[in-house]
Amino acid sequence: MLQGDVEKCFEYQSNLHSAVNLVFGSSAGNWLVPALHTVCKATHAVAIQADESMGNTSDWVKLQSAVTLLQESFSKALNDRTEYKPNAPLDEEGSKKAGVLLIVNQLFSMYFRLNTLRLCKNLLRPVESRNLHEEGTMGQKVTYRYYVGRLNMFEDKYEEAEKNLDYALSHCYKDSLRNKKRILNYLLPVKLLRGRLPTGFLLEKYKMYEFWPLVEGIRTGNLRVFNEGLMKSQELFIRRGTYLLLEKCKMICYRTLFKRIHLVLGRHQVLLQHIAKILKWLDTPMDLDEIECILANLIYRGYVRGYISHTKRVLVLSKKDPFPFASIAAK
């Protein structure tokens, strides 16, 4: 489609959407919900196509215009005073709130593309206070949990993120491998940070080879493998918005390494000099002060139980469960 045609198409689509919003708001019942959904999805798709054809992918002018139209649709559906009855047929007596969830999902997608995540809160509060996120088709509920899980991840609410993304994955249509892979792109980093490693079968099934070295590094404490894998897929992880989260997983890798050093030495006092030699062998040379800093961080987070003797340059580990897993899972 030519650039001029796309622009005209978006203009006509915007006019149509405005008209449908007007008719939807003044109509009785919720029988127009399917039509509104179709228009919302079309406006979203045409706006993206128009911006891409015009080279507006830095400011997304048309998409921002489309957001305004969908926000109006959301408002008209949400503010209907008719009592909402889940699973009721669409007719001239039903509540327009039946159409809320799909519109919310479309807006979530737009906000993430525009990087205006703060606006997601304006959707979450009214939807969850009315329990509208528990209604709708399974596909709509899965999409909602997917976006809320991503939002939780960016807010450092990792337990909630894992819960929502786990729901999305387990309830996603079984043959929809593409959608499951999209969910796993965010679920796996959250699980890695919480010490839960995926199986090789899962990574192979969904062809998520970029996670292989990270998982292997965390499992074995091999910082060289972890760092090389993170660097190799750096651009991919940055585009997804998961790079900084995966960078945090390095602390789990350190924990595994120190645990293996402790098991090999067979004692609860570990000279920092020994750790420095192993880190140098793993192509991650550090001085003793840097090692102390990392260990202090691990102890503060509860990943390691013990203390550091600065004068003797020794890590003194607890004799009872010096590397508790529960402290990682609780994060």
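Residues numbered from 1 in each chain as written. Predicted model: local features only at pLDDT ≥ 70, side-chain atom pairs only at ≥ 80, totals over all residues. Heavy atoms only, no water.

J.: Mind showing me how you'd approach helix α11 (residues 223-232) here?
T.: Along an α-helix, residues three or four apart share an orientation, since each turn contains 3.6 residues. Here α11 has its buried residues at Leu223, Phe226, Gly229 and Leu230. Angularly, the buried residues of α11 cover 135 degrees about the axis, an arc narrow enough to put them on a single face. Turned more than 90 degrees away from the buried face of α11, the exposed residues are Met231 and Lys232. Buried-residue contacts for α11 involve α10 (212-220), α12 (234-240), α13 (243-248), α14 (250-265) and α15 (272-281). Regarding α11, its N-cap is Asn222, as a side-chain oxygen of that residue lies 3.1 Å from the backbone nitrogen of Arg224 further along. (Buried < 20%, exposed > 50% of the residue type's maximum accessible area, 1.4 Å probe, protein only. Helix = DSSP H or I, 4+ residues; strand = E, 2+ residues; numbered from the N terminus. Arc of directions from axis to C-beta. Contact = heavy atoms within 4.5 Å. Polar contact = N/O pair within 3.5 Å; in protein donor to acceptor, adjacent residues only side chain to side chain.)

J.: Teacher, can you tell me more about the pattern of salt bridges here?
T.: If the charged atoms of two oppositely charged side chains come close together, the side chains can form a pair. This structure, assessed with the given rule, holds 16 salt bridges. The closest approach of N and O atoms between Lys157 and Glu155, which form a salt bridge, is 3.5 Å. Residue classification places Glu155 among the partly exposed residues on the basis of a relative accessible area of 29%. (Salt bridge = Lys/Arg side-chain N within 4 Å of Asp/Glu carboxyl O.)

J.: Can you help me understand the sheet that holds strand β2 (residues 306-309) in this one?
T.: Remark on secondary structure: sheet strands pair via backbone hydrogen bonds, oriented parallel or antiparallel. Taken in spatial order, the three strands make up an open sheet running β1-β3-β2, and their pairing is antiparallel. At either end of the open sheet lies a strand with only one pairing partner, and these are β1 (269-271) and β2. Ignoring which end each strand starts from, the neighbouring axes of this sheet average 20 degrees apart. The pairing of β1 with strand β3 (residues 314-317) spans three bridges and is classified as antiparallel. Within the sheet, the bridge partner assigned to Val270 lies in β3 and is Leu315. (Pairing = 2+ DSSP bridges. Axes fitted to C-alpha atoms, helices over the stretch in contact; angles between N-to-C directions.)

J.: I would appreciate a short explanation of empty space enclosed by the protein in the present structure.
T.: Once rolled over the atoms, a probe with the size of a water molecule shows which space is left empty. Per the stated rule, a full pass over the model turns up one cavity of 30 Å³ or more. As a volume, the largest cavity reaches approximately 40 Å³. What lines the largest cavity is Tyr84, Lys97, Ala98, Val100, Leu101, Leu132, Glu135 and Gly136. Classifying every residue of the lining of the largest cavity gives five nonpolar, one polar and two charged. (1 Å grid on protein atoms, 1.4 Å probe; cavity = no way out; pocket = protein on both sides within 12 Å on 5 of 7 lines; lining within 4 Å. Points joined across faces, edges and corners; volume = space filled by probe spheres on them. Nonpolar A, V, L, I, M, F, W, Y, C, P; charged D, E, K, R; others polar.)

J.: Please explain the pairing of β2 as it appears in this structure.
T.: Along any regular strand, the residues point their side chains to alternate faces of the sheet. In terms of strand pairing, β2 meets β3 through four bridges, oriented antiparallel. Bridge pairing in β3 links Gly306 to Leu317. Taking the residues between adjacent antiparallel strands as the criterion, β2 and β3 are bridged by four residues, where Arg313 takes a positive phi near 55 degrees.

J.: Sorry, what's going on with the side chain of Arg145 here?
T.: When you line up the elements, Arg145 lands in helix α6 (residues 138-154). Of the side chains with opposite charge, Glu134 lies nearest to the buried Arg145, which makes no salt bridge, at 4.0 Å. When residues no more than four places from it in sequence are discounted, the contact partners of Arg145 are Glu134, Asn164, Leu165, Tyr167 and Ala168. (Lys, Arg positive; Asp, Glu negative; His and termini not counted.)

J.: What exactly am I supposed to notice about the packing of α6 against helix α7 (residues 158-171) here?
T.: Any two packed helices are characterised by the angle at which their axes cross and by the distance between the axes. One can describe the packing of α6 onto α7 by two numbers: an axis separation of 8 Å at closest approach and a directional angle of 155 degrees. Between α6 and α7, the interaxial angle falls into the category roughly antiparallel. Crossing geometry of α6 relative to α7 is assigned as left-handed. On α7, the residues that touch Met138, Lys141, Val142, Arg145, Tyr146, Val148, Gly149, Arg150, Asn152 and Met153 of α6 are Tyr158, Glu160, Ala161, Asn164, Leu165, Tyr167, Ala168 and His171. Among the residues forming the contact of α6 with α7, the class breakdown is ten nonpolar, four polar and four charged. (Parallel < 35°, antiparallel > 145°, perpendicular 65-115°, else oblique. Left-handed = near helix turned anticlockwise from the far one by under 90°.)

J.: I'm lost on the layout of surface pockets in this one. Help?
T.: When its volume is computed, the largest pocket comes out at roughly 850 Å³. Every element with two or more residues in the lining of the largest pocket is listed here: α2 (33-54), α4 (100-114), α6 and α8 (177-193). Sorting elements by how many residues they give to the lining of the largest pocket places α6 first, with nine residues. A per-class count over the lining of the largest pocket returns twelve nonpolar, ten polar and five charged. Tallied by class, the residues present in the lining of the second largest pocket amount to seven nonpolar, nine polar and five charged.

J.: I tried to follow the packing of aromatic side chains on my own but got confused; where do I start?
T.: Pairs of aromatic rings are described using the distance from one ring centre to the other and the angle between the two planes. By the definition in use, this model includes eight aromatic pairs. For the ring pair Phe108 and Tyr144, a centre distance of 5.7 Å and an interplane angle of 45 degrees mean the geometry is tilted. Of this pair, Phe108 sits in helix α4 while Tyr144 sits in helix α6, and the two are 36 residues apart along the sequence. For Phe108, a relative accessible area of 1% puts it in the buried group. Classification of Tyr144 by relative accessible area gives buried; the value is 1%. For the ring pair Phe112 and Phe154, a centre distance of 6.3 Å and an interplane angle of 40 degrees mean the geometry is tilted. (Phe/Tyr/Trp six-rings, centres within 6.5 Å; stacked < 30°, edge-to-face > 60°.)

J.: Got a minute to help me understand the nonpolar core in this structure?
T.: Here is a general trend for soluble globular proteins: nonpolar side chains tend to be buried in one another's company. The biggest cluster of nonpolar side chains holds 97 residues, and the ones touching the most others in it are Phe211 and Phe258. For this core, the element with the most residues is α4, which contributes ten residues. (Core = buried A, V, L, I, M, F, W, Y, C linked by side-chain atoms within 4.5 Å.)

J.: Looking at this structure, I do not really get the side chain of His133. What am I missing?
T.: Looking at the element boundaries, His133 is found in the loop between α5 (121-129) and α6. Within the local environment of His133, its side chain forms a polar contact with the side chain of Glu134, the two groups lying 3.2 Å apart. Discounting chain neighbours no more than four positions away, the residues touching His133 are Leu101, Val127, Glu128, Lys141 and Tyr144.

Remember, this is a structural readout, not a statement about activity or role.
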